[in-house]
Structures are given as C-alpha cells and as structure tokens.
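One-letter residues, chain by chain:
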Amino acid sequence: MGCRILPNIESRAPQHTIDVGHDLEQLGGVLEQTDAHPAFARLTEADPRHQRHVQRARSLQQAQRAHAAEFEPRIGEIIAAWQNVGMTENAVNTAVTSTSSPAIPAETSAVSPATRAANRPLGTPLGKHPTRVLFLGAGELGKEVAIELMRLGAWVCAADSYAGAPAQQVAHEYRALDMANAAELQALFDEIKPDIIVPEVEAIATDVLAGTAAAGAQVVPSAEIAAICMDRERLRVLAHEELGLPTTPYRFAGSLEELRAGASEVGYPCVVKPVMSSSGHGQSVVRSADAIDAAWTEAQEGRRAADEGDVSRVIVEALAPLERELTVLTVSSSAGIVTCTPIGQRQESGDYRESWQPATEPDGEAERARDIARTAVEGLVAKAQAAGETGWGVFGVELFVLTDGSILFNEVSPRPHDTGMVTMASQRLSEFALHARAILGLPITPEHVSLTIPAGSVAASHAIVVAGDGEVEFTDVAAALAEPGTDLRIFAKPEVHGHRRMAVALAVGESEADARAKAGLVADALTITVE
C-alpha cells in the first residue's frame, strides 16, 4: 500500500510512493511536502477536513516514535486514507470547483490525548519537526512560561491584542489581533498550525478554541476547562453542586430583578460579580438593598468585554467573614495531580499586591487547603478527559480562610497565578517551569514542587504598580538589589496609561514579616520614571 504525492503538481512530475514498512521519518517528509504544496492549500480551503487529516497524521507520527509496535497498523490506515483522498491534479481541481470532496475517514481506533501529546520532539524549533506552541495572551506570566518552553526546545509564537507585549519580546514570532473575534482567531490558527495552544487571557473566542481542540490541537489545560473557568456560574456549579466543595452562599441573576431577589436570599452585605470577568472588574461589595441597583450597573459596565453590548449574568454571594486568602498551585501532568505549599496573599481592589510562601497557617490548615484544591482540579481534569483532552497544566486555586478557621473554595485560574510569582524564589521549579513541563507531557512529582529555601524561612513577592501615562524606566536597580536574598523581574511592558503592574520584587527572609519587608524595600529603592 502506498501514499501518492506530487512534489510538483503543476509540472505533472512522476508520483512517488512510500511503503508502510518504511521509517516513519518518510511520513514526516510527506507531511512537510504536503504542507508546502500550493495545490494542497487550495484543497484545504475548499474542504478543511484535509487539514485535519494531516494533523491526525502528524500526531500519529509523533506518537510512533515512542510506541512503534502499538502504532504500526495506524500508519497503514493513515496512508490508505490519504491515498483515498486522491492527492492528484484532477482531484485537486475537482475539490476546488465542486461543492463536495472525497470523504476522509474518521478515526478508526482510539488514541488517547495523552498518547498523542507524549514524547513531543524538542530541540529543533527552527528545524523540520518543531513542537509549535501558540500563546493567546502575552503578558508577564506568559513571558516566563514562554522562556521555560524555549529552554526545553519548543517553538513559541505569542499573540496578544497589541504589539510589544512581554512574551512577544522573547518569542520566536508574535502576532497582534482581537482574540475574541472568531474570524481573526481562526485565521491565526490556520496560519500558525499550533501543536499546543496556551490561553493566558479570558477574552478568547471559546467556540473556535473548542473547534481547534476537536481537530487535534492540544489546548492547555483544555478547551473545556478554559470555558468552565471563564464562567463563574459553571465553575461554582461544578465546585459546590457536583464536587461538594464548601463555598459561600450564592445565587445567579440575569436581570436586576433577579439580582434584588438573590441578594435578599443570601443577605447583606454581599458581593456582586459578573460571571464572565476577572481581576475585580465589575465587582461590587453591597452593604444594603439601596445599593444593589448600582452594583448591577457596575457589573454590566465595569466588566471585561463590556463594549460587546450583551447583558452579563452575575453571581451574588454572601460577604464571608474573611480572615485571609490562600492560593494553592495545583499541577496536573502525565504523572497525576500534585499540590504546592499554600501561598498567602494580600490584594487591593481585587488585584494581587503581595504574596508569600509558605503561608502562615495553623496545624492541619495546609492539608485541608490542599485537599480542596486537589478535589477541584480533579473535577476539572475529569471534564477535560471526558471531552478527549489532557487537562495538563498549572491551576491557581483560590481559597478563603474565615475567622472561624473554615476554608472555602473561591475560584480557579487554569494557568499560572499572579500570586505564584513568589515560586521564582521559593520552589525547586517555579510555577512557570512546572506549567511548561506539564503541557509538554513531562511528569511532575512532589519533588518538583518542593520548597528549596532554608527550613523556617519564607519567600515573598511584591508587585510594583506604576501610575502615569507613557513609557516606564527603572533606575537604581543595583541599589535596590544590594540586600542579599533579593531579586527583581521587570516586565518591560511598552507603556502605562493609568496604573499598571510593571515589575515584581522577590525576597527570602527569616520570617513572613522579614521576607515581605525585604521585597517591599526592593520596590521602594527603585527610581521609576514615566515619560
């Protein structure tokens, strides 16, 4: 059985064949030549199923390297199916001019997402078989993950809504587009042909993301998880009603009247949040019934994507007697799920300002927090696997610790968390290195998430938020880092308009108070100019 290809369809060059028993690198050559054919591009435009077929073949090629005996029959099926596509000049012309095209067989045997993602080729980002990673969102967290992926030999493209974003400055290539626009996002996927897609922001056309995952791309942690975690309603229903995790009392509302009723049921004071926003956007604390109308307006006008014109549903939940907040970074990988040491944090107006690890906590609190985080991530990963995806990556699980010592689930970020920047000073592997390894199919074990700071000490991070209008320059960096056990990351964002997080100071101290003070002194010692 052979696979017919035309190196130059226009010149009617002789057809070539490869046999099933030949080295699989020849199949790789077929894939490359097919991608390069102008005629194949026309065929794909006429019927996108051809491109999906190529993606399946590429996935099988990668898996074959690690599982030759298991996948030998599959290669024959792929080549046979490809032959049935009819990659000849007549077939190309027919496909371009006809409303129908040769049928492409569906998958004829189950190949797990984990197997497809295992043992990806690394080390040749500019070579013949790169593992291509596309970031949707190119901020400071994505920048650190991109660096870690590039250290492992992956090819990286960073996309964002503007040019010059932090991750774009270090990636092999970058793109600027409206990622919430379905047509623009699909065009990006068609151009880049990513093996792995890493969403770093919420404003993404999730339907396109799901379609690309169905076509064979690995979405991190999965398209299903991204959709759930973007929607506070779906996430809260999963966490509390399906997984049984403790949460604050809550109600959902799709109108002002429903919000008034829901607030009356959960009681005052309460918190009102849009179900499809983040980082405090559109959020209000409501202390009495006469302020509920203003909270509805803020949820509609202050949320992300408020300019889209639709009405956002909201969640109204009781304002808990909060003592502090925790983040438990939780990693899903080919080795299973592990949790990091809980991280303490301080926020202002819903945005992170400081974090420290390990968090100061009474006996047993750390394990209870880790159990809640593990249960939440297990539930999300089960959803991903049921949808045929891996669910691999880092999750930032946000928890409330109440004044009576009880711990409640709050939210999950399906990516590295801003409070987790402290891990660049505290852990064997930072959250960014953990994310990179997990999504590449590498196992993450408890050893990888262990603390490496001296016993009894604490690491801290301090966000450096700059106000003004223009470019931001940092000087006196040497003086700021004169104290032993300190470090600094400058994000190099192009400009600030209003206020923006532009850097983070890191420090290790003998106690939580010492570490936080040292990190704060790094920030205070910098001279920051906006012009």
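Keep in mind it's a predicted model, so treat the numbers as computed, not measured. (Residues numbered from 1 in each chain as written. Predicted model: local features only at pLDDT ≥ 70, side-chain atom pairs only at ≥ 80, totals over all residues. Heavy atoms only, no water.)

### Focus: the overall build of the protein chain
A count of helical and extended segments in the protein chain gives 18 helices and 20 strands. Each of the 531 residues in the protein chain was classed as buried or not, and the buried ones make up 53%. Contacts spanning at least 24 positions in sequence make up 65% of the contacts within the protein chain whose residues lie at least 6 apart. Carbon and sulfur atoms make up 51% of the accessible area of the protein chain, which amounts to about 21,900 Å² in all. (Helix = DSSP H or I, 4+ residues; strand = E, 2+ residues; numbered from the N terminus. Buried < 20%, exposed > 50% of the residue type's maximum accessible area, 1.4 Å probe, protein only. Contact = heavy atoms within 4.5 Å. Areas by Shrake-Rupley, 256 points an atom, 1.4 Å probe, with all protein chains shown as cover.)

### Focus on the packing of aromatic side chains
This structure, assessed with the given rule, holds 1 aromatic pair. Above the face of the W155 ring, R132 is positioned so that its terminal group lies 4.0 Å from the ring centre. Over the face of the ring belonging to Y250 we find R236, whose NZ or CZ atom lies 5.1 Å from the ring centre. (Phe/Tyr/Trp six-rings, centres within 6.5 Å; stacked < 30°, edge-to-face > 60°. Lys NZ or Arg CZ within 6 Å of the ring centre and 35° of its normal.)

### Here we look at the sheet that holds strand β9 (residues 314-318)
Read across the open sheet, the 4 strands follow the order β6-β9-β7-β8; overall the sheet is antiparallel. Unpaired on one side and paired on the other, β6 (250-253) and β8 (284-286) mark the two borders of the sheet. Taking each pair of neighbouring strands and ignoring which way they run, the sheet shows an average axis angle of 25 degrees. Bridge count between strand β7 (residues 270-274) and β8: 3 bridges; the pairing is antiparallel. (Pairing = 2+ DSSP bridges. Axes fitted to C-alpha atoms, helices over the stretch in contact; angles between N-to-C directions.)

### Focus on a negative patch on the surface
On the surface, D469, E471, E473, E495 and E531 cluster together into a negatively charged patch. Relative to the assigned elements, E471 resides in the loop between β16 (458-470) and β17 (472-475). (Patch = residues over 30% accessible without salt bridge, like charges linked within 9 Å, V, L, I, M, F, W, Y side chains within 5 Å. Salt bridge = Lys/Arg side-chain N within 4 Å of Asp/Glu carboxyl O. Lys, Arg positive; Asp, Glu negative; His and termini not counted. Charge placed at Lys NZ, Arg CZ, Asp CG, Glu CD.)

### Let's talk about the side chain of S222
In this fold, S222 is placed in the loop between β5 (218-219) and α10 (223-230). Setting aside anything within four residues of it in sequence, one finds S222 in contact with A384, E389 and G391.

### Describing the sheet that holds β5
If you walk across this open sheet you meet the 5 strands as β3-β2-β1-β4-β5, and the pairing is parallel. Sheet topology places β3 (173-176) and β5 at the edges, where each strand pairs with a single neighbour. One ladder, built from 4 bridges, connects strand β2 (residues 155-160) with β3; its direction is parallel. Note that in β3 the partner of D160 across the bridge is A176. Strand contacts of helix α8 (residues 182-192): β1 (132-136), β2, β3 and β4 (196-199), with the helix running at about 160 degrees to β1, the strand carrying the most contacts.

### With respect to the pattern of salt bridges
Across all of its chains, the model carries 27 salt bridges by this definition. For R175, the salt bridge goes to E191, with nearest N and O atoms at 2.6 Å. Of the two residues, R175 is situated in strand β3 and E191 in helix α8; the sequence distance between them amounts to 16 residues. When its relative accessible area of 22% is taken as the criterion, R175 is described as partly exposed. The class of E191 is partly exposed, set by a relative accessible area of 44%. With its nearest N and O atoms 2.8 Å apart, the salt bridge here joins R428 to E447. With R428 in the loop between α15 (423-426) and α16 (431-439) and E447 in the loop between α16 and β16, the pair connects residues that are 19 residues apart, well separated along the chain. Since its relative accessible area comes to 42%, E447 is described here as partly exposed. A cluster of three or more residues bridged by salt bridges with shared partners is formed by R346, E348, R353, E354, E512 and R516.

### Points about the side chain of H435
Locating H435 in the fold gives a position in helix α16. Among the polar contacts listed, one links the side chain of H435 to the backbone nitrogen of V394, at a separation of 2.9 Å. If we ignore the near neighbours within four places in the chain, the residues touching H435 are V145, V198, E200, V220, G393, V394, R415 and P416. (Polar contact = N/O pair within 3.5 Å; in protein donor to acceptor, adjacent residues only side chain to side chain.)

### Here's the deal with helix α7 (residues 140-151)
Because the α-helix completes a turn every 3.6 residues, residues three or four places apart line up on one side. Between its first and last C-alpha atoms α7 spans 17 Å; for 12 residues at 1.5 Å apiece the expected length is 16 Å, and the two agree. Counting buried positions over the 12 residues of α7 gives 9, a clear majority of the element. Among the residues making up α7, those that are buried are E140, L141, G142, K143, E144, V145, A146, E148 and L149. Those residues of α7 that are buried lie in contact with β1, β2, α15, α16, β18 (486-490) and β19 (496-509). G153 sits one or two positions beyond α7 and adopts a positive phi of about 95 degrees. (Expected span 1.5 Å × (residues − 1).)

### A few points about the nonpolar core
Within the largest apolar cluster, 27 residues are counted, with the highest numbers of intra-cluster contacts made by V133, F135, L149 and M421. Elements supplying a minimum of two residues to this core: β1, α7, β2, β4, α16 and β19. Sort the elements by how many residues they give to this core and α7 lands first, with 4 residues. Non-local contacts of L149, meaning those with residues more than four positions away in its chain, are made with V133, F135, A154, V156, A436, I439 and L440. I225, V328, A373 and L399 belong to the second largest nonpolar core, which has 25 residues in total. (Core = buried A, V, L, I, M, F, W, Y, C linked by side-chain atoms within 4.5 Å.)

### Focus: the pairing of β2
Judged by how many residues are buried, β2 sits mostly within the fold: 6 of 6 residues are covered. Alternating positions in β2 separate into two faces, W155, C157 and A159 on one and V156, A158 and D160 on the other, with burial throughout. Across 5 bridges, the pairing between β1 and β2 is parallel. Paired with L136 across the strands is A159, a residue of β2. Read from β1 through α7 to β2, the crossover connection turns out right-handed. (Right-handed = clockwise from strand over helix to strand, strands pointing away.)

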